[in-house]
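Coordinate inspection notes
Given next are the chains, with one letter for each unit.
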Amino acid sequence: FPSRGHVLIFDQLDRQEIVPPNPTIRSKPWYKPAFEIHSSQPEEHIMPVLMRVASAAFRRPVAKNQIQPYLKLFKSEIMQGSSIEDALKVTITALFCSTDFLYFHESPGQLDDHALANRLSYFLTRTSPDQELLSLAAAGMLRSSPDILIQQTQRLLKNRHHKRFITDFTNSWLNLREINFTIPDKKLFPEYDPFLQWSMLEETRSFIHRLLADNLGVVNLVKSDFAMLNNRLAEHYGIRGVEGPHIRPVTLPTQSVRGGLLSQASILKVSANGTNTSPVVRGLWVMERLLGEQTPPPPPGIPSVEPDIRGALTLREMLERHRSDMTCNTCHRKIDPLGFALESFDPIGGWREQFRTTDNGERVNREIHGVRVRYQLGLAVDDSGVLPDGRFFDGYQTFRNLLAEDPSFLARVMTSKLLTFATGREMGFSDWQEIDRIVQNTKSSGYGLRDILYEVVVSSIFRSK
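Below, the structure is looked at part by part. Only a predicted model underlies this, so the values are computations on that prediction, with no experimental measurement involved. (Residues numbered from 1 in each chain as written. Predicted model: local features only at pLDDT ≥ 70, side-chain atom pairs only at ≥ 80, totals over all residues. Heavy atoms only, no water.)

Glancing now at the overall build of the chain. When helices and strands are counted, the chain shows 19 helices and eleven strands. A globule of 465 residues ought to have a C-alpha radius of gyration of about 23 Å, yet the chain, at 28 Å, is considerably larger. Projecting the C-alpha coordinates of the chain onto the three principal axes gives extents of approximately 85 × 60 × 50 Å. A burial count over the chain gives 47% of its 465 residues as buried. Of all intrachain contacts in the chain linking residues separated by at least 6 positions in sequence, the fraction that spans at least 24 positions is 64%. Here the chain has roughly 24,100 Å² of accessible surface; of this, 52% comes from carbon and sulfur atoms. The average position of the 55 basic charges and that of the 53 acidic charges among the side chains of the chain differ by 3 Å. (Helix = DSSP H or I, 4+ residues; strand = E, 2+ residues; numbered from the N terminus. Rg over C-alpha atoms; globule rule 2.2 N^0.38 Å. Buried < 20%, exposed > 50% of the residue type's maximum accessible area, 1.4 Å probe, protein only. Contact = heavy atoms within 4.5 Å. Areas by Shrake-Rupley, 256 points an atom, 1.4 Å probe, with all protein chains shown as cover. Lys, Arg positive; Asp, Glu negative; His and termini not counted. Charge placed at Lys NZ, Arg CZ, Asp CG, Glu CD.)

This part takes up the pattern of salt bridges. With the rule as written, the count across this model stands at 20 salt bridges. Among the ionic pairs, Glu-106 bridges to Arg-119, the shortest N-O distance being 2.9 Å. Residue Glu-106 is found in the loop between helix H5 (99–102) and helix H6 (113–124), and its partner Arg-119 is found in helix H6; the two are separated by 13 residues along the sequence. With a relative accessible area of 5%, Arg-119 lands in the buried category. Salt bridges linked by common partners bring Asp-130, Glu-132 and Arg-155 together as one network. (Salt bridge = Lys/Arg side-chain N within 4 Å of Asp/Glu carboxyl O.)

Backbone torsion omega between Phe-1 and Pro-2 reads 0°, so that peptide bond is classified as cis. Position of Pro-2 among the secondary structure elements: in the segment before helix H1 (4–10). Despite not being glycine, Asn-215 shows a phi value in the positive range, around 55°.

The next point concerns the nonpolar core. The biggest cluster of nonpolar side chains holds 98 residues, and the ones touching the most others in it are Phe-123, Leu-142, Val-218, Leu-262, Phe-399 and Leu-418. Setting aside anything within four residues of it in sequence, one finds Leu-142 in contact with Asp-113, Leu-116, Ala-117, Leu-133, Leu-136, Ala-137, Ile-148, Leu-149 and Gln-152. (Core = buried A, V, L, I, M, F, W, Y, C linked by side-chain atoms within 4.5 Å.)

Across all of its chains, the model carries 14 aromatic pairs by this definition. On the numbers, 5.5 Å between centres and 35° between planes, the contact of Phe-207 with Phe-226 is tilted. Of the two residues, Phe-207 is situated in helix H10 (residues 194–213) and Phe-226 in strand S3 (residues 226–229); the sequence distance between them amounts to 19 residues. On the basis of relative accessibility, which here comes to 0%, the residue Phe-207 falls in the buried class. Assessed through its relative accessible area of 9%, Phe-226 is described here as buried. Among the aromatic side chains, those forming a connected cluster through ring pairs are Phe-123, Phe-165, Phe-169, Trp-173, Phe-421 and Phe-462. The aromatic ring of Phe-35 is capped on one face by Arg-15, whose charged end is 4.3 Å from the ring centroid. In this structure, Arg-356 packs its charged tip against the face of Tyr-375, placed 4.1 Å from the ring centre. (Phe/Tyr/Trp six-rings, centres within 6.5 Å; stacked < 30°, edge-to-face > 60°. Lys NZ or Arg CZ within 6 Å of the ring centre and 35° of its normal.)

It is worth spelling out the environment of Asn-360 at this point. Residue position: Asn-360 is located in the loop between strand S5 (354–357) and strand S6 (362–363). Its relative accessible area of 78% is what places Asn-360 among the exposed residues.

Here we take up the packing of helix H13 (residues 279–290) against helix H17 (residues 407–423). When two helices pack together, their arrangement is captured by the angle between the axes and the distance separating the axes. For the pair H13 and H17, interaxial distance at closest approach is 9 Å and the crossing angle is 80°. Relative to H17, the element H13 is oriented roughly perpendicular. In this structure, H13 uses Glu-288, Arg-289 and Leu-290 to contact H17, whose residues at the interface are Leu-410, Val-413 and Lys-417. Of the residues contributing to the contact of H13 with H17, the split by class is three nonpolar, no polar and three charged. (Axes fitted to C-alpha atoms, helices over the stretch in contact; angles between N-to-C directions. Parallel < 35°, antiparallel > 145°, perpendicular 65-115°, else oblique. Nonpolar A, V, L, I, M, F, W, Y, C, P; charged D, E, K, R; others polar.)

Below, the discussion takes up the environment of Glu-243. Its location among the elements puts Glu-243 in the loop between helix H11 (231–237) and strand S4 (248–251). Judged by its relative accessible area of 61%, Glu-243 falls in the exposed class. Residues Glu-243 and Arg-232, spaced eleven residues apart in sequence, show a C-alpha to C-alpha distance of 8.6 Å. Excluding residues within four positions of it along the chain, Glu-243 makes contact with Asn-231 and Arg-248.

Pairing is antiparallel across the open sheet formed by three strands, whose spatial order is S5-S9-S6. Looking at strand neighbours, the two that pair on one side only are S5 and S6, the edges of this open sheet. The sheet contact formed by S6 and strand S9 (residues 376–380) spans two bridges and is antiparallel. Residue Glu-362 lies in a different strand from S9, and its bridge partner there is Leu-377. (Pairing = 2+ DSSP bridges.)

Further remarks concern H17. Under the 1.5 Å per step criterion, the end-to-end length of H17 is 24 Å for 17 residues, consistent within 8% with the ideal 24 Å. Among the 17 residues that make up H17, twelve are buried, leaving the element largely enclosed by the rest of the structure. Those residues of H17 that sit buried are Leu-410, Ala-411, Val-413, Met-414, Thr-415, Ser-416, Lys-417, Leu-418, Leu-419, Phe-421, Ala-422 and Thr-423. Buried residues belonging to H17 abut H6, helix H9 (162–173), H13, helix H16 (396–403), helix H18 (432–441) and helix H19 (449–458). (Expected span 1.5 Å × (residues − 1).)

Below, the structure written as structure tokens:
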């Protein structure tokens, strides 16, 4: 004490405690002091406060004429008999109800320096610009110098709030915000627990942070030779030699199915329903979030494909029948193979060769946490497929190799996702030329993720509305 907010409001005001009639009660633990502001010219003394608070709240310098409505409100409260402090409280409350505080005010065209400072700060730290950014904006140095923008980007990447960017970006792009949307069936997946879920999220977020920090190429998004693991994840993935609960990079065995986003348990959980997996749901996830292609909604009157509870047909067989309808085939021939490739991963990210079931299957001689499992093993998994361009894959590892063949495409999608998150709008046809320029400029580093981020920040898309 005094806190930053206290100083922002009450600095240079004559604010004193109201002494209670019985001063001895000030020593009581339940005593809550009251204060009053003394001023013979309250409007004159309050005006600098409103200017100061408004500039901080609106994230840009404000002119006196912009403060007049709030000063008018203050005077109105005083005329109605409020104390100076109570009138100030009402006025500041109104400031924080203003659209100038609640929204960014960006004029069409090239952003001014303060708007650019806002965009950069909220992009990378998810909070208002700090004093260094505000000073550069006031000096007009952000808009005129891409080098300074990159320097500030480097600085903000080391900011204590930068983890907010990783969390919010992965929540939005990878849909990790839905991690609690389903609860895995305890009979089918007794190994699932809160520690595993926490580890799932940390793996993916630490992975993206690692790509940024080390400027690793975007091909790592689909195929990497390392994973961010702790002992719980390593046990879940069947990887030996990892001790302790902290997440750290672990080099993977040569033939490991892990590495890259698509084998991470968090991704596999948010693209499943907790009981079974759907190639359609997972295929849509891959198509929209990793390949950057939007799919239209299904035609009206077309029922969704649900698992056959009798076990008479596999979901793959049902989808083949579904695709026989030409209305459905156009989209499903693109979606389904992407989902089939992930069928060897169960709803909590474990590797499987047979589907788990609660009846009519092979008994399993296994204990988890000292308790005998109650699930059985059913039909064999088939994770092969044919991509729309005719390329065949005989399993997940072949599939990820096919995705890794075109890193420039992955870089293009990654650039688009970063720009969408930074600007708050989807990319359109008019943006592709600038996106292609960014991709070309980062080719020499293998499309390093940090280099892509730097190019995003200095791009005309980021610096304009």
